[in-house]
Amino acid sequence: MMEKGLSKQGNLLSNASYGTLISKPMTQLSPEDPWAIVDLVDDSKKWAEMTTKEKVFRVFDNGLRILSAISLLYFFICSLDLLASAFRLISGKTTGTIFRQNKLMQNPVVGLMIGILATVLVQSSSTSTSIVVSMVGTNVLTVGMAIPIIMGSNIGTSVTNTIVSFAQIGNKNEFRRAFAGAVVHDIFNWLSVFVLFTVEIVCQPIFGIGYLEWLSGIAVGKINSSSSTDGEINILKEITDPIVGLVIQIDQNVIKGWANDDPSYENASLIRQCGGNITDPIPCEGIFIFENTTLKDWSIGLILLSISLFVLCGSMICLVKILNSMMKGHIANVIKHVVNAKIPYLPWLTGYIALLVGAGMTFIVRSSSVFTSALNPLIGIGFISIERVYPLTLGSNVGTTTTALLAAFAASPDALHDTLQIALVHLLFNVSGILLFYPIPFMRFPIPMAKFLGDVTAKYRWFAIVSLVGMFFVLPATVLGLSIAGTVTLQCVGIPFLLIIVAAVVINILQKKSPSLLPPVLRNWMWLPEFCRSLEPYDRQLSKLSCCNRFSQDEQEKTVNVTTEISSTPLSNESIP
(Lines give C-alpha, C1' and ligand atoms only; values in the text may rest on other atoms or scores of the structure.)
Protein backbone atom coordinates (compact mmCIF):
# COMPACT_ATOMS: atom_id res chain seq x y z
CA MET A 1 0.00 0.00 0.00
CA MET A 2 2.71 2.45 0.96
CA GLU A 3 4.83 1.35 -1.98
CA LYS A 4 1.98 2.18 -4.34
CA GLY A 5 1.64 5.60 -2.75
CA LEU A 6 5.37 6.30 -3.09
CA SER A 7 5.62 5.17 -6.69
CA LYS A 8 2.64 7.28 -7.79
CA GLN A 9 3.48 10.52 -6.03
CA GLY A 10 0.83 13.02 -6.89
CA ASN A 11 -1.22 10.61 -8.99
CA LEU A 12 -4.89 10.30 -8.21
CA LEU A 13 -6.47 6.90 -7.64
CA SER A 14 -9.91 7.21 -9.12
CA ASN A 15 -12.86 5.27 -7.80
CA ALA A 16 -16.42 5.54 -9.01
CA SER A 17 -17.85 5.38 -5.53
CA TYR A 18 -15.13 6.82 -3.36
CA GLY A 19 -13.61 9.52 -5.53
CA THR A 20 -9.85 10.08 -5.27
CA LEU A 21 -7.45 9.14 -2.51
CA ILE A 22 -4.20 10.94 -1.73
CA SER A 23 -1.57 9.24 0.38
CA LYS A 24 0.45 11.02 3.03
CA PRO A 25 2.37 9.84 6.10
CA MET A 26 0.51 9.97 9.38
CA THR A 27 3.61 10.98 11.32
CA GLN A 28 6.34 13.48 10.67
CA LEU A 29 8.65 10.72 9.47
CA SER A 30 10.15 10.65 5.99
CA PRO A 31 7.76 9.41 3.26
CA GLU A 32 10.30 6.66 2.61
CA ASP A 33 10.05 5.32 6.14
CA PRO A 34 8.65 1.80 5.61
CA TRP A 35 7.40 1.62 9.20
CA ALA A 36 5.33 4.82 9.08
CA ILE A 37 1.58 4.26 9.33
CA VAL A 38 -0.04 5.77 6.25
CA ASP A 39 -3.04 8.08 6.35
CA LEU A 40 -5.30 7.99 3.32
CA VAL A 41 -7.29 11.19 2.92
CA ASP A 42 -10.68 10.57 1.33
CA ASP A 43 -11.69 13.45 -0.94
CA SER A 44 -14.70 11.63 -2.38
CA LYS A 45 -18.15 13.16 -2.48
CA LYS A 46 -19.55 13.91 0.98
CA TRP A 47 -22.63 12.09 2.22
CA ALA A 48 -24.76 15.26 2.18
CA GLU A 49 -23.86 15.88 -1.45
CA MET A 50 -24.85 12.40 -2.65
CA THR A 51 -28.07 11.50 -4.39
CA THR A 52 -30.34 8.86 -2.90
CA LYS A 53 -29.10 6.32 -5.42
CA GLU A 54 -25.45 7.04 -4.54
CA LYS A 55 -26.20 6.73 -0.81
CA VAL A 56 -27.88 3.36 -1.29
CA PHE A 57 -24.98 2.16 -3.40
CA ARG A 58 -22.44 3.36 -0.78
CA VAL A 59 -24.25 1.57 2.06
CA PHE A 60 -24.66 -1.61 0.01
CA ASP A 61 -21.00 -1.53 -1.09
CA ASN A 62 -19.69 -0.99 2.46
CA GLY A 63 -21.95 -3.72 3.83
CA LEU A 64 -20.80 -6.15 1.15
CA ARG A 65 -17.15 -5.41 1.94
CA ILE A 66 -17.67 -5.95 5.66
CA LEU A 67 -19.58 -9.20 5.07
CA SER A 68 -16.86 -10.41 2.68
CA ALA A 69 -14.12 -9.57 5.20
CA ILE A 70 -15.92 -11.47 7.99
CA SER A 71 -16.49 -14.47 5.70
CA LEU A 72 -12.86 -14.53 4.60
CA LEU A 73 -11.71 -14.28 8.22
CA TYR A 74 -13.94 -17.23 9.06
CA PHE A 75 -12.48 -19.37 6.26
CA PHE A 76 -8.99 -18.24 7.31
CA ILE A 77 -9.60 -19.51 10.86
CA CYS A 78 -11.05 -22.75 9.51
CA SER A 79 -7.95 -23.21 7.33
CA LEU A 80 -5.74 -22.90 10.42
CA ASP A 81 -7.77 -25.64 12.08
CA LEU A 82 -7.42 -27.83 8.98
CA LEU A 83 -3.68 -27.08 8.85
CA ALA A 84 -3.26 -28.26 12.44
CA SER A 85 -5.19 -31.48 11.65
CA ALA A 86 -3.06 -32.03 8.55
CA PHE A 87 0.19 -31.81 10.50
CA ARG A 88 -1.16 -34.18 13.15
CA LEU A 89 -2.09 -36.76 10.54
CA ILE A 90 1.23 -36.44 8.68
CA SER A 91 3.31 -36.69 11.86
CA GLY A 92 1.30 -39.71 13.05
CA LYS A 93 2.92 -41.42 16.01
CA THR A 94 5.98 -39.17 15.78
CA THR A 95 4.60 -36.72 18.33
CA GLY A 96 3.79 -39.45 20.82
CA THR A 97 7.13 -41.15 20.22
CA ILE A 98 9.24 -38.07 20.88
CA PHE A 99 7.26 -37.42 24.06
CA ARG A 100 8.00 -40.98 25.23
CA GLN A 101 11.77 -40.55 24.91
CA ASN A 102 12.12 -40.38 28.67
CA LYS A 103 15.88 -40.87 28.75
CA LEU A 104 16.44 -38.17 26.17
CA MET A 105 14.23 -35.73 28.05
CA GLN A 106 16.42 -35.99 31.11
CA ASN A 107 18.67 -33.68 29.13
CA PRO A 108 16.94 -30.26 29.41
CA VAL A 109 18.31 -29.05 26.05
CA VAL A 110 16.78 -32.05 24.33
CA GLY A 111 13.51 -31.50 26.18
CA LEU A 112 13.46 -27.92 24.91
CA MET A 113 13.94 -29.02 21.29
CA ILE A 114 11.36 -31.79 21.65
CA GLY A 115 8.88 -29.18 22.86
CA ILE A 116 9.56 -27.07 19.75
CA LEU A 117 9.27 -30.00 17.32
CA ALA A 118 6.18 -31.48 18.94
CA THR A 119 4.36 -28.14 18.89
CA VAL A 120 5.35 -27.48 15.28
CA LEU A 121 4.04 -30.93 14.33
CA VAL A 122 0.66 -30.53 16.06
CA GLN A 123 0.48 -26.78 15.27
CA SER A 124 -0.86 -26.00 18.73
CA SER A 125 0.85 -25.21 22.01
CA SER A 126 -2.47 -25.91 23.74
CA THR A 127 -2.34 -29.52 22.49
CA SER A 128 1.32 -30.10 23.30
CA THR A 129 1.12 -28.56 26.77
CA SER A 130 -2.06 -30.53 27.51
CA ILE A 131 -0.20 -33.72 26.53
CA VAL A 132 2.68 -32.76 28.83
CA VAL A 133 0.23 -32.08 31.67
CA SER A 134 -1.38 -35.50 31.20
CA MET A 135 2.04 -37.17 31.13
CA VAL A 136 2.98 -35.48 34.40
CA GLY A 137 -0.35 -36.61 35.83
CA THR A 138 0.45 -40.25 34.93
CA ASN A 139 4.04 -39.98 36.27
CA VAL A 140 5.56 -40.49 32.83
CA LEU A 141 7.37 -37.18 33.32
CA THR A 142 8.44 -35.28 36.41
CA VAL A 143 7.75 -31.56 36.75
CA GLY A 144 11.45 -30.78 36.32
CA MET A 145 11.68 -32.81 33.09
CA ALA A 146 8.52 -31.21 31.70
CA ILE A 147 9.61 -27.58 32.20
CA PRO A 148 11.95 -27.40 29.15
CA ILE A 149 9.23 -28.98 26.99
CA ILE A 150 6.78 -26.28 28.10
CA MET A 151 9.36 -23.64 27.15
CA GLY A 152 9.83 -25.26 23.74
CA SER A 153 6.08 -25.32 23.10
CA ASN A 154 6.03 -21.54 23.51
CA ILE A 155 8.51 -21.22 20.64
CA GLY A 156 6.84 -23.81 18.41
CA THR A 157 3.41 -22.18 18.53
CA SER A 158 4.65 -18.99 16.82
CA VAL A 159 5.45 -20.83 13.56
CA THR A 160 1.82 -20.48 12.40
CA ASN A 161 1.92 -16.70 12.55
CA THR A 162 5.18 -16.65 10.59
CA ILE A 163 3.73 -18.93 7.89
CA VAL A 164 0.66 -16.69 7.57
CA SER A 165 2.86 -13.62 6.89
CA PHE A 166 4.03 -15.25 3.63
CA ALA A 167 0.62 -14.53 2.14
CA GLN A 168 1.79 -10.90 1.72
CA ILE A 169 5.18 -11.74 0.19
CA GLY A 170 4.15 -10.22 -3.16
CA ASN A 171 4.27 -6.66 -1.79
CA LYS A 172 7.67 -5.58 -0.47
CA ASN A 173 6.58 -3.15 2.25
CA GLU A 174 3.52 -5.13 3.31
CA PHE A 175 5.68 -8.23 3.69
CA ARG A 176 8.28 -6.20 5.60
CA ARG A 177 5.69 -5.18 8.18
CA ALA A 178 3.81 -8.50 8.22
CA PHE A 179 6.97 -10.57 8.71
CA ALA A 180 8.22 -8.22 11.43
CA GLY A 181 4.83 -8.42 13.15
CA ALA A 182 5.07 -12.21 13.09
CA VAL A 183 8.68 -12.64 14.20
CA VAL A 184 8.29 -10.19 17.09
CA HIS A 185 6.43 -13.11 18.70
CA ASP A 186 9.21 -15.56 17.80
CA ILE A 187 11.96 -13.28 19.07
CA PHE A 188 10.21 -12.66 22.39
CA ASN A 189 9.79 -16.40 22.92
CA TRP A 190 13.41 -17.18 21.97
CA LEU A 191 14.79 -14.42 24.22
CA SER A 192 12.58 -15.52 27.13
CA VAL A 193 13.72 -19.11 26.70
CA PHE A 194 17.38 -18.09 26.45
CA VAL A 195 17.23 -16.19 29.75
CA LEU A 196 14.85 -18.32 31.80
CA PHE A 197 16.20 -21.65 30.54
CA THR A 198 19.70 -20.53 31.55
CA VAL A 199 18.41 -19.45 34.98
CA GLU A 200 16.66 -22.80 35.41
CA ILE A 201 19.81 -24.76 34.51
CA VAL A 202 22.09 -22.64 36.74
CA CYS A 203 19.75 -22.83 39.74
CA GLN A 204 19.47 -26.63 39.60
CA PRO A 205 23.01 -27.49 40.84
CA ILE A 206 23.23 -24.49 43.18
CA PHE A 207 19.85 -24.67 44.97
CA GLY A 208 18.75 -28.17 44.00
CA ILE A 209 15.66 -26.79 42.25
CA GLY A 210 15.02 -24.53 39.26
CA TYR A 211 13.48 -21.04 39.47
CA LEU A 212 10.19 -21.93 37.74
CA GLU A 213 9.85 -25.25 39.57
CA TRP A 214 10.39 -23.51 42.92
CA LEU A 215 8.00 -20.63 42.18
CA SER A 216 5.24 -22.89 40.84
CA GLY A 217 5.70 -25.21 43.81
CA ILE A 218 5.05 -22.32 46.18
CA ALA A 219 1.97 -21.31 44.18
CA VAL A 220 0.28 -24.71 44.33
CA GLY A 221 1.05 -25.09 48.02
CA LYS A 222 -0.95 -27.89 49.60
CA ILE A 223 -3.54 -28.33 46.86
CA ASN A 224 -4.80 -31.92 46.89
CA SER A 225 -8.34 -31.88 45.52
CA SER A 226 -9.75 -31.86 42.04
CA SER A 227 -12.03 -29.36 40.38
CA SER A 228 -14.42 -29.43 37.45
CA THR A 229 -13.82 -27.88 34.06
CA ASP A 230 -17.47 -27.76 32.95
CA GLY A 231 -17.24 -23.99 32.58
CA GLU A 232 -14.57 -24.22 29.88
CA ILE A 233 -14.91 -21.53 27.22
CA ASN A 234 -14.12 -22.61 23.67
CA ILE A 235 -15.85 -20.23 21.29
CA LEU A 236 -13.39 -20.94 18.48
CA LYS A 237 -14.25 -24.66 18.41
CA GLU A 238 -17.96 -23.90 18.29
CA ILE A 239 -17.43 -21.49 15.39
CA THR A 240 -15.19 -23.68 13.21
CA ASP A 241 -16.70 -27.11 13.92
CA PRO A 242 -19.66 -26.72 11.51
CA ILE A 243 -17.20 -26.51 8.57
CA VAL A 244 -14.05 -28.31 9.76
CA GLY A 245 -16.09 -31.09 11.36
CA LEU A 246 -17.58 -31.90 7.96
CA VAL A 247 -14.09 -32.48 6.53
CA ILE A 248 -12.09 -34.21 9.29
CA GLN A 249 -12.37 -35.06 12.97
CA ILE A 250 -9.28 -35.89 15.03
CA ASP A 251 -9.37 -38.11 18.10
CA GLN A 252 -7.23 -36.33 20.71
CA ASN A 253 -7.32 -39.40 22.95
CA VAL A 254 -5.19 -41.30 20.42
CA ILE A 255 -2.43 -38.65 20.60
CA LYS A 256 -2.46 -38.85 24.40
CA GLY A 257 -2.54 -42.64 24.27
CA TRP A 258 0.54 -42.72 22.05
CA ALA A 259 2.30 -40.23 24.33
CA ASN A 260 1.57 -42.40 27.38
CA ASP A 261 2.57 -45.59 25.48
CA ASP A 262 -0.88 -47.12 25.95
CA PRO A 263 -0.78 -50.49 24.07
CA SER A 264 -4.49 -50.28 23.22
CA TYR A 265 -3.73 -47.31 20.94
CA GLU A 266 -0.79 -49.00 19.18
CA ASN A 267 -2.46 -49.33 15.75
CA ALA A 268 -5.21 -46.78 16.23
CA SER A 269 -6.00 -44.16 13.60
CA LEU A 270 -6.08 -40.49 14.46
CA ILE A 271 -9.35 -40.15 12.54
CA ARG A 272 -12.23 -40.15 14.98
CA GLN A 273 -14.41 -43.24 15.31
CA CYS A 274 -17.94 -42.95 16.63
CA GLY A 275 -18.56 -46.35 18.16
CA GLY A 276 -17.26 -49.81 18.94
CA ASN A 277 -13.80 -49.89 20.49
CA ILE A 278 -10.24 -49.04 19.53
CA THR A 279 -9.46 -52.48 18.06
CA ASP A 280 -12.84 -52.80 16.30
CA PRO A 281 -14.05 -49.25 15.64
CA ILE A 282 -17.31 -48.24 14.01
CA PRO A 283 -16.90 -45.34 11.53
CA CYS A 284 -18.92 -42.13 11.91
CA GLU A 285 -21.32 -42.87 9.04
CA GLY A 286 -21.96 -39.76 6.96
CA ILE A 287 -20.60 -37.35 9.58
CA PHE A 288 -17.48 -36.09 7.76
CA ILE A 289 -15.76 -36.54 4.38
CA PHE A 290 -12.83 -38.75 5.48
CA GLU A 291 -14.81 -40.82 8.00
CA ASN A 292 -14.72 -44.12 6.09
CA THR A 293 -11.74 -44.12 3.76
CA THR A 294 -9.10 -46.69 2.88
CA LEU A 295 -6.40 -44.01 2.72
CA LYS A 296 -3.65 -43.92 5.32
CA ASP A 297 -3.56 -41.12 7.87
CA TRP A 298 -0.49 -39.53 6.27
CA SER A 299 -2.17 -39.54 2.83
CA ILE A 300 -5.21 -37.75 4.19
CA GLY A 301 -2.85 -35.36 5.96
CA LEU A 302 -1.14 -34.43 2.69
CA ILE A 303 -4.52 -33.81 1.03
CA LEU A 304 -5.66 -31.63 3.94
CA LEU A 305 -2.33 -29.79 3.92
CA SER A 306 -2.81 -28.83 0.26
CA ILE A 307 -6.42 -27.78 0.82
CA SER A 308 -5.68 -25.80 3.98
CA LEU A 309 -2.71 -23.94 2.47
CA PHE A 310 -4.77 -23.06 -0.62
CA VAL A 311 -7.67 -21.76 1.49
CA LEU A 312 -5.31 -19.99 3.91
CA CYS A 313 -3.35 -18.14 1.22
CA GLY A 314 -6.42 -17.39 -0.89
CA SER A 315 -8.47 -16.04 1.99
CA MET A 316 -5.52 -14.04 3.34
CA ILE A 317 -4.74 -12.42 -0.02
CA CYS A 318 -8.39 -11.50 -0.60
CA LEU A 319 -8.75 -10.30 3.00
CA VAL A 320 -5.72 -8.02 2.64
CA LYS A 321 -7.15 -6.51 -0.55
CA ILE A 322 -10.54 -5.88 1.07
CA LEU A 323 -8.92 -4.40 4.19
CA ASN A 324 -6.81 -2.15 1.97
CA SER A 325 -9.95 -0.80 0.34
CA MET A 326 -11.78 -0.43 3.66
CA MET A 327 -9.02 1.18 5.72
CA LYS A 328 -9.34 4.51 3.94
CA GLY A 329 -11.15 7.72 4.61
CA HIS A 330 -12.01 9.68 7.73
CA ILE A 331 -13.61 6.92 9.82
CA ALA A 332 -10.79 4.47 9.17
CA ASN A 333 -8.21 7.11 10.06
CA VAL A 334 -10.00 7.78 13.34
CA ILE A 335 -9.89 4.04 14.13
CA LYS A 336 -6.18 3.95 13.24
CA HIS A 337 -5.44 6.83 15.58
CA VAL A 338 -7.44 5.23 18.41
CA VAL A 339 -5.75 1.81 18.01
CA ASN A 340 -2.24 3.26 17.87
CA ALA A 341 -2.77 6.18 20.26
CA LYS A 342 -1.69 6.42 23.88
CA ILE A 343 -3.88 7.24 26.86
CA PRO A 344 -3.60 10.97 27.68
CA TYR A 345 -1.58 11.75 30.82
CA LEU A 346 -0.98 7.99 31.35
CA PRO A 347 0.70 6.85 28.11
CA TRP A 348 2.56 4.03 29.88
CA LEU A 349 -0.78 2.42 30.75
CA THR A 350 -1.76 1.90 27.09
CA GLY A 351 0.52 -1.09 26.56
CA TYR A 352 -0.75 -2.86 29.68
CA ILE A 353 -4.33 -2.46 28.51
CA ALA A 354 -3.25 -4.00 25.19
CA LEU A 355 -1.73 -6.87 27.17
CA LEU A 356 -5.06 -7.52 28.88
CA VAL A 357 -6.93 -7.30 25.57
CA GLY A 358 -4.55 -9.84 23.99
CA ALA A 359 -4.91 -12.21 26.96
CA GLY A 360 -8.71 -11.87 27.01
CA MET A 361 -9.17 -12.42 23.27
CA THR A 362 -6.87 -15.45 23.30
CA PHE A 363 -8.71 -16.89 26.30
CA ILE A 364 -12.00 -16.56 24.40
CA VAL A 365 -10.85 -18.07 21.09
CA ARG A 366 -8.54 -20.51 22.91
CA SER A 367 -5.73 -20.10 20.38
CA SER A 368 -2.85 -17.64 20.39
CA SER A 369 -2.03 -18.71 16.82
CA VAL A 370 -5.44 -17.65 15.53
CA PHE A 371 -5.41 -14.34 17.39
CA THR A 372 -1.91 -13.29 16.34
CA SER A 373 -2.42 -14.57 12.78
CA ALA A 374 -5.62 -12.51 12.48
CA LEU A 375 -3.60 -9.40 13.38
CA ASN A 376 -1.02 -10.12 10.67
CA PRO A 377 -2.83 -8.62 7.65
CA LEU A 378 -3.62 -5.49 9.67
CA ILE A 379 0.08 -5.11 10.44
CA GLY A 380 0.98 -5.66 6.80
CA ILE A 381 -1.28 -2.91 5.45
CA GLY A 382 -0.02 -0.49 8.09
CA PHE A 383 -3.17 -0.36 10.20
CA ILE A 384 -1.46 -1.45 13.44
CA SER A 385 2.11 -0.55 14.37
CA ILE A 386 4.69 -3.07 15.56
CA GLU A 387 4.88 -1.15 18.84
CA ARG A 388 1.16 -1.73 19.44
CA VAL A 389 1.04 -5.36 18.31
CA TYR A 390 3.93 -6.28 20.64
CA PRO A 391 1.91 -6.06 23.90
CA LEU A 392 -1.08 -7.71 22.20
CA THR A 393 1.20 -10.63 21.31
CA LEU A 394 2.56 -10.87 24.85
CA GLY A 395 -0.99 -10.90 26.18
CA SER A 396 -1.89 -13.74 23.83
CA ASN A 397 1.01 -15.75 25.29
CA VAL A 398 -0.60 -15.45 28.71
CA GLY A 399 -4.11 -16.18 27.44
CA THR A 400 -3.11 -19.47 25.84
CA THR A 401 -1.87 -20.87 29.17
CA THR A 402 -5.47 -21.31 30.35
CA THR A 403 -5.80 -24.53 28.31
CA ALA A 404 -3.07 -26.28 30.30
CA LEU A 405 -4.62 -25.01 33.55
CA LEU A 406 -8.00 -26.47 32.59
CA ALA A 407 -6.33 -29.74 31.57
CA ALA A 408 -4.61 -29.85 34.96
CA PHE A 409 -7.93 -29.67 36.81
CA ALA A 410 -9.15 -32.71 34.88
CA ALA A 411 -6.46 -34.89 36.53
CA SER A 412 -7.17 -37.37 39.29
CA PRO A 413 -7.07 -35.92 42.84
CA ASP A 414 -3.78 -37.60 43.71
CA ALA A 415 -2.10 -36.14 40.60
CA LEU A 416 -3.63 -32.65 40.78
CA HIS A 417 -0.69 -31.11 42.63
CA ASP A 418 1.86 -32.01 39.94
CA THR A 419 -0.39 -31.31 36.95
CA LEU A 420 -1.39 -27.93 38.31
CA GLN A 421 2.24 -27.12 39.07
CA ILE A 422 3.41 -27.79 35.50
CA ALA A 423 0.44 -25.83 34.14
CA LEU A 424 1.43 -22.89 36.34
CA VAL A 425 4.99 -23.20 35.01
CA HIS A 426 3.61 -22.29 31.58
CA LEU A 427 1.87 -19.23 33.00
CA LEU A 428 4.83 -18.13 35.16
CA PHE A 429 7.24 -18.57 32.26
CA ASN A 430 5.26 -16.14 30.11
CA VAL A 431 4.70 -13.68 32.93
CA SER A 432 8.43 -13.75 33.76
CA GLY A 433 9.25 -13.11 30.10
CA ILE A 434 6.91 -10.12 30.05
CA LEU A 435 8.51 -8.71 33.20
CA LEU A 436 11.90 -9.03 31.54
CA PHE A 437 11.13 -7.58 28.11
CA TYR A 438 8.24 -5.17 28.48
CA PRO A 439 7.99 -2.84 31.55
CA ILE A 440 11.35 -1.13 30.87
CA PRO A 441 11.22 0.46 27.37
CA PHE A 442 14.95 -0.08 26.89
CA MET A 443 14.45 -3.83 27.33
CA ARG A 444 11.92 -4.18 24.51
CA PHE A 445 14.56 -5.78 22.29
CA PRO A 446 12.09 -7.82 20.20
CA ILE A 447 10.75 -4.66 18.50
CA PRO A 448 14.01 -3.38 16.91
CA MET A 449 15.13 -6.96 16.23
CA ALA A 450 11.87 -7.71 14.42
CA LYS A 451 12.19 -4.53 12.37
CA PHE A 452 15.75 -5.48 11.45
CA LEU A 453 14.60 -8.89 10.21
CA GLY A 454 11.71 -7.21 8.41
CA ASP A 455 14.16 -4.96 6.56
CA VAL A 456 16.40 -7.90 5.66
CA THR A 457 13.52 -10.08 4.41
CA ALA A 458 12.05 -7.18 2.41
CA LYS A 459 15.36 -6.97 0.55
CA TYR A 460 16.01 -10.72 0.42
CA ARG A 461 12.60 -12.33 0.61
CA TRP A 462 14.01 -15.84 0.25
CA PHE A 463 15.76 -15.31 3.61
CA ALA A 464 12.36 -15.42 5.34
CA ILE A 465 11.90 -19.02 4.17
CA VAL A 466 15.43 -19.92 5.26
CA SER A 467 14.93 -18.44 8.73
CA LEU A 468 11.56 -20.17 9.15
CA VAL A 469 12.90 -23.61 8.21
CA GLY A 470 16.13 -23.10 10.14
CA MET A 471 14.67 -21.93 13.46
CA PHE A 472 11.66 -24.23 13.65
CA PHE A 473 12.85 -27.40 11.91
CA VAL A 474 16.59 -27.66 11.19
CA LEU A 475 17.90 -26.38 14.55
CA PRO A 476 15.62 -28.51 16.79
CA ALA A 477 16.10 -31.59 14.60
CA THR A 478 19.90 -31.14 14.57
CA VAL A 479 20.10 -30.79 18.35
CA LEU A 480 17.85 -33.83 18.74
CA GLY A 481 20.06 -35.83 16.39
CA LEU A 482 23.24 -34.80 18.22
CA SER A 483 21.65 -35.74 21.54
CA ILE A 484 21.02 -39.27 20.25
CA ALA A 485 24.74 -39.50 19.47
CA GLY A 486 25.45 -38.68 23.10
CA THR A 487 25.75 -35.81 25.56
CA VAL A 488 29.45 -35.36 24.84
CA THR A 489 28.78 -34.98 21.11
CA LEU A 490 26.04 -32.42 21.79
CA GLN A 491 28.34 -30.40 24.07
CA CYS A 492 31.31 -30.55 21.67
CA VAL A 493 29.21 -29.11 18.86
CA GLY A 494 26.79 -26.92 20.83
CA ILE A 495 29.18 -25.07 23.17
CA PRO A 496 31.56 -23.76 20.44
CA PHE A 497 28.55 -22.78 18.31
CA LEU A 498 27.01 -20.79 21.19
CA LEU A 499 30.35 -19.14 21.99
CA ILE A 500 30.73 -18.01 18.37
CA ILE A 501 27.20 -16.56 18.36
CA VAL A 502 27.72 -14.73 21.66
CA ALA A 503 31.11 -13.38 20.53
CA ALA A 504 29.64 -12.14 17.23
CA VAL A 505 26.80 -10.36 19.02
CA VAL A 506 29.15 -8.71 21.54
CA ILE A 507 31.55 -7.58 18.81
CA ASN A 508 28.67 -6.20 16.72
CA ILE A 509 27.44 -4.17 19.68
CA LEU A 510 30.94 -2.83 20.40
CA GLN A 511 31.43 -1.95 16.71
CA LYS A 512 28.36 0.27 16.86
CA LYS A 513 28.69 1.70 20.38
CA SER A 514 32.39 1.75 21.28
CA PRO A 515 34.62 0.70 18.36
CA SER A 516 37.68 2.16 20.10
CA LEU A 517 37.54 -0.71 22.60
CA LEU A 518 38.19 -3.22 19.82
CA PRO A 519 41.47 -3.95 18.02
CA PRO A 520 41.53 -2.35 14.53
CA VAL A 521 40.98 -5.66 12.75
CA LEU A 522 37.70 -6.28 14.65
CA ARG A 523 36.22 -2.81 14.07
CA ASN A 524 34.54 -4.15 10.95
CA TRP A 525 33.95 -7.52 9.30
CA MET A 526 35.64 -6.74 6.02
CA TRP A 527 38.42 -9.23 6.78
CA LEU A 528 35.90 -12.06 6.48
CA PRO A 529 34.98 -13.58 3.08
CA GLU A 530 31.91 -11.92 1.58
CA PHE A 531 29.75 -15.02 2.02
CA CYS A 532 30.42 -14.90 5.79
CA ARG A 533 29.34 -11.27 6.27
CA SER A 534 26.67 -10.62 3.65
CA LEU A 535 23.65 -12.22 2.04
CA GLU A 536 24.53 -10.68 -1.31
CA PRO A 537 26.50 -13.69 -2.69
CA TYR A 538 23.61 -16.03 -1.88
CA ASP A 539 21.15 -13.61 -3.46
CA ARG A 540 23.20 -13.49 -6.67
CA GLN A 541 23.18 -17.28 -6.91
CA LEU A 542 19.48 -17.57 -6.14
CA SER A 543 18.65 -14.90 -8.73
CA LYS A 544 19.95 -17.28 -11.39
CA LEU A 545 17.18 -19.74 -10.53
CA SER A 546 13.92 -19.00 -12.31
CA CYS A 547 11.89 -20.25 -9.34
CA CYS A 548 13.56 -17.77 -6.98
CA ASN A 549 13.70 -14.69 -9.21
CA ARG A 550 10.84 -12.93 -7.47
CA PHE A 551 12.40 -13.52 -4.04
CA SER A 552 15.81 -12.05 -4.93
CA GLN A 553 16.73 -8.39 -5.01
CA ASP A 554 16.59 -7.01 -8.55
CA GLU A 555 18.13 -3.78 -9.83
CA GLN A 556 14.92 -1.80 -9.48
CA GLU A 557 14.58 -2.73 -5.81
CA LYS A 558 18.20 -1.75 -5.24
CA THR A 559 17.49 1.79 -6.42
CA VAL A 560 14.55 2.27 -4.04
CA ASN A 561 15.94 0.22 -1.16
CA VAL A 562 15.02 1.78 2.16
CA THR A 563 16.89 -0.62 4.41
CA THR A 564 18.54 1.31 7.23
CA GLU A 565 22.30 1.63 6.79
CA ILE A 566 24.56 2.03 9.82
CA SER A 567 26.99 4.68 8.68
CA SER A 568 29.31 4.29 11.65
CA THR A 569 30.55 0.87 10.46
CA PRO A 570 31.20 -0.73 7.09
CA LEU A 571 28.48 -3.27 7.90
CA SER A 572 24.96 -2.90 6.58
CA ASN A 573 21.85 -4.42 8.07
CA GLU A 574 21.88 -7.34 5.70
CA SER A 575 25.37 -8.38 6.78
CA ILE A 576 25.71 -11.39 8.96
CA PRO A 577 28.91 -12.09 10.88
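Residues numbered from 1 in each chain as written. Predicted model: local features only at pLDDT ≥ 70, side-chain atom pairs only at ≥ 80, totals over all residues. Heavy atoms only, no water.

With an unreviewed UniProt entry as reference, the chain is termed Sodium-dependent phosphate transport protein 2B, source organism Daphnia magna. What UniProt records for the chain under Subcellular location (unreviewed entry) is the sentence "Apical cell membrane". (UniProt positions renumbered as here; feature names shortened; annotations may be inferred.)

Engineer: Please set out the packing of aromatic side chains residue by residue, giving values where relevant.
Structural biologist: For any pair of aromatic rings, the description consists of the separation of the ring centres together with the inter-plane angle of the planes. By the definition in use, this model includes 14 aromatic pairs. Both rings, one in Tyr390 and one in Tyr438, keep their centres 5.9 Å apart while their planes meet at 45°; by these two values the pair is tilted. Of this pair, Tyr390 sits in helix H16 (residues 386-399) while Tyr438 sits in the loop between helix H18 (416-437) and helix H19 (446-459), placing them 48 residues apart in sequence. Residues Tyr390 and Tyr438 agree in their burial class; the two are buried. Between Trp525 and Trp527, the aromatic rings sit 6.1 Å apart at their centres with planes inclined by 35°, giving tilted as the arrangement. A relative accessible area of 6% means that Trp525 is categorised as buried. Residue class for Trp527 comes out partly exposed when judged on its relative accessible area of 45%. (Phe/Tyr/Trp six-rings, centres within 6.5 Å; stacked < 30°, edge-to-face > 60°. Helix = DSSP H or I, 4+ residues; strand = E, 2+ residues; numbered from the N terminus. Buried < 20%, exposed > 50% of the residue type's maximum accessible area, 1.4 Å probe, protein only.)

Engineer: Could you give me a rundown of the nonpolar core, with the residues and numbers involved?
Structural biologist: Leu89, Met151, Ile248, Leu304, Tyr390 and Ile422 are the most contacted members of the largest nonpolar core, which has 101 residues in total. Ranked by residues supplied to this core, first place goes to helix H8 (residues 172-207) with 11 residues. Apart from residues no more than four positions distant in its own chain, Leu89 is found in contact with Ile248, Ile250, Leu270, Ile271, Asp297, Trp298, Ile300, Gly301 and Leu304. Residues Tyr460, Trp462, Phe463 and Leu535 belong to the second largest nonpolar core, which totals 5 residues. (Core = buried A, V, L, I, M, F, W, Y, C linked by side-chain atoms within 4.5 Å. Contact = heavy atoms within 4.5 Å.)

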